[in-house]
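Understanding the architecture of this molecule
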Amino acid sequence: MKFVESVYGVVNGRSVKSFTVETSRGMEFTCIEYGCIITEILFPDSNGLKENVVLGFDTIEEYIDHSPYFGCVIGRNAGRIGGSAFEIDGVTYHLTKNEGENNLHSGPTGFHNVIWDSEVVVRDTEISIIFSYMSPDGEGGFPGNLHVEVTYMINENNELLIQYQAQSDQKTIVNLTNHSYFNLSGNLKRTILDHELMLQSNEFLELDHSLIPTGEIISVEGTPFDFRKSKQIGKGIEEGHPQISLVGGGYDHPFLLTPLQKQNQMTLIDRESGRKLEVETVEPAVVFYSGNMLTDKFKIRGKQSQKYLGLCLETQKPPNMIKNPRFPSILLEKDQLYTTQTKFKFGLIKNS
Ligand code: FUC
């Protein structure tokens, strides 16, 4: 395995390091200290052509100016909180409204927008980049001094394991995820509409007009939300459904993952390039976002951004759940250790 460290850019006078890990089986992974952003993942297609399979920029300025959360860690809370407020033990905490009345992805002071400390552990067959951050009590409106650690571990099997840890000195809420946009065509040659997705989920959460879960759980059976057998994302969208139109013509929904099934949970395939991505998580849900709101207002490494240019598989606890006791709690008790992990494995279809 190879490892290279360099300086990616400067934010507020502080230099931001970038780390590149290369496996001997052709994967090249780069992340930076700003937002724990994964800026690039190069992976060969079935002809051995190494190309980038995530959306990202070459400069920190672009991330600061107009990134739709490309590749970053989202925290303290992933997704939307309705009304930008929540209550713990009778105390109401107010967050910044950054999407209408709601708070999206923890607002402008979220984890995507801070510089993390880093430490690198190099072993023979795996390299870990350990990012840490101390989020002060009241940051973004959230209670408690929260110490967070995010580890990107890359191994010789072309797997990226993301491990998260957090601990607070006050009762608070935590729901972390990574917001990478994948596009397996390579260097954004095509949209993700002809990618095939397999997602082991029997149910998804209905959203209201501001994309907050209504509390209704809908069976995927007989709907375009049924990905239990692999199918083209574009085909699903074409089938049409009020929930697909509601989110701008696509998917932006929390899918409840089949409980107890911790393997073969999600597989994304691009037949033309032969690339495959398998995702496994200990989280109970995944927000599958098909890039419906990506605009053409900026370029991504020379290519015009456009709707459906990338998709996210945001593994997490269902969003807004502080308000819904039917779902796993995102409350974190004082001194309790929050841990979670998700694995992304890159490969080729023909090897499976
Ligand atoms: C996802 C979506 C949102 C939003 C954001 C950039 O998490 O749930 O709708 O567009 O990404």
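Details of the structure are given in the entry above.
A brief structural summary. (Residues numbered from 1 in each chain as written. Predicted model: local features only at pLDDT ≥ 70, side-chain atom pairs only at ≥ 80, totals over all residues. Heavy atoms only, no water.)

The subject of this paragraph is the overall build of the protein chain. For the protein chain, the count of helices and strands is three helices and 30 strands. The C-alpha atoms of the protein chain give a radius of gyration of 19 Å, which matches the 20 Å a tight globule of 352 residues would have. Across its three principal axes, the protein chain shows a C-alpha extent of roughly 60 × 50 × 40 Å. Within the protein chain, buried positions represent 60% of all 352 residues. Sequence separation of 24 or more characterises 65% of the internal contacts of the protein chain that already satisfy a separation of 6 or more. Carbon and sulfur atoms provide 48% of the accessible area of the protein chain, an area that totals close to 14000 Å². The average position of the 32 basic charges and that of the 45 acidic charges among the side chains of the protein chain differ by 4 Å. (Helix = DSSP H or I, 4+ residues; strand = E, 2+ residues; numbered from the N terminus. Rg over C-alpha atoms; globule rule 2.2 N^0.38 Å. Buried < 20%, exposed > 50% of the residue type's maximum accessible area, 1.4 Å probe, protein only. Contact = heavy atoms within 4.5 Å. Areas by Shrake-Rupley, 256 points an atom, 1.4 Å probe, with all protein chains shown as cover. Lys, Arg positive; Asp, Glu negative; His and termini not counted. Charge placed at Lys NZ, Arg CZ, Asp CG, Glu CD.)

With respect to the helices and strands, Arg-80 occurs in strand β7 (residues 80-81). Residue Arg-80 is classed as buried on the basis of its relative accessible area, which comes to 9%. Side chain to side chain, Arg-80 and Glu-99 meet in a polar contact 2.6 Å long. Aside from chain neighbours lying at most four places away, what touches Arg-80 is Glu-99, Asn-103, Leu-104, Ser-210, Leu-211, Ile-212, Asp-252, Met-293, Pro-319 and Asn-320. (Polar contact = N/O pair within 3.5 Å; in protein donor to acceptor, adjacent residues only side chain to side chain.)

Here strand β13 (residues 146-155) lies mainly inside the structure; eight of its 10 residues are buried. Summarising the sheet, strand β12 (residues 126-135) and β13 pair through 10 bridges and their orientation is antiparallel. Residue pairing across strands places Ser-128 opposite Met-153, the latter belonging to β13. Taken together, the nine bridges between β13 and strand β14 (residues 159-168) define a ladder with antiparallel strand orientation. Residue pairing for β14: Val-148 is matched across the bridge by Ala-166. In this antiparallel pair of consecutive strands, β13 and β14, the connection spans three residues, and Asn-158 shows a positive phi of 60 degrees. (Pairing = 2+ DSSP bridges.)

In the neighbourhood of the ligand, the contacting residues comprise Tyr-69, Arg-80, His-105, His-179, Tyr-181, Asp-252, Tyr-289, Met-293 and Glu-314. His-105 is positioned with one of its side-chain polar atoms (N or O) 2.8 Å from an oxygen atom of the ligand. The contact in question runs from an oxygen atom of the ligand to an N or O atom on the side chain of Tyr-289, over 3.5 Å. Protein burial of the ligand: of its 290 Å² of free accessible surface, 93% is covered by the chains. For the shell around the ligand, the per-class residue count stands at four nonpolar, two polar and three charged. (Near = heavy atom within 4 Å. Nonpolar A, V, L, I, M, F, W, Y, C, P; charged D, E, K, R; others polar.)

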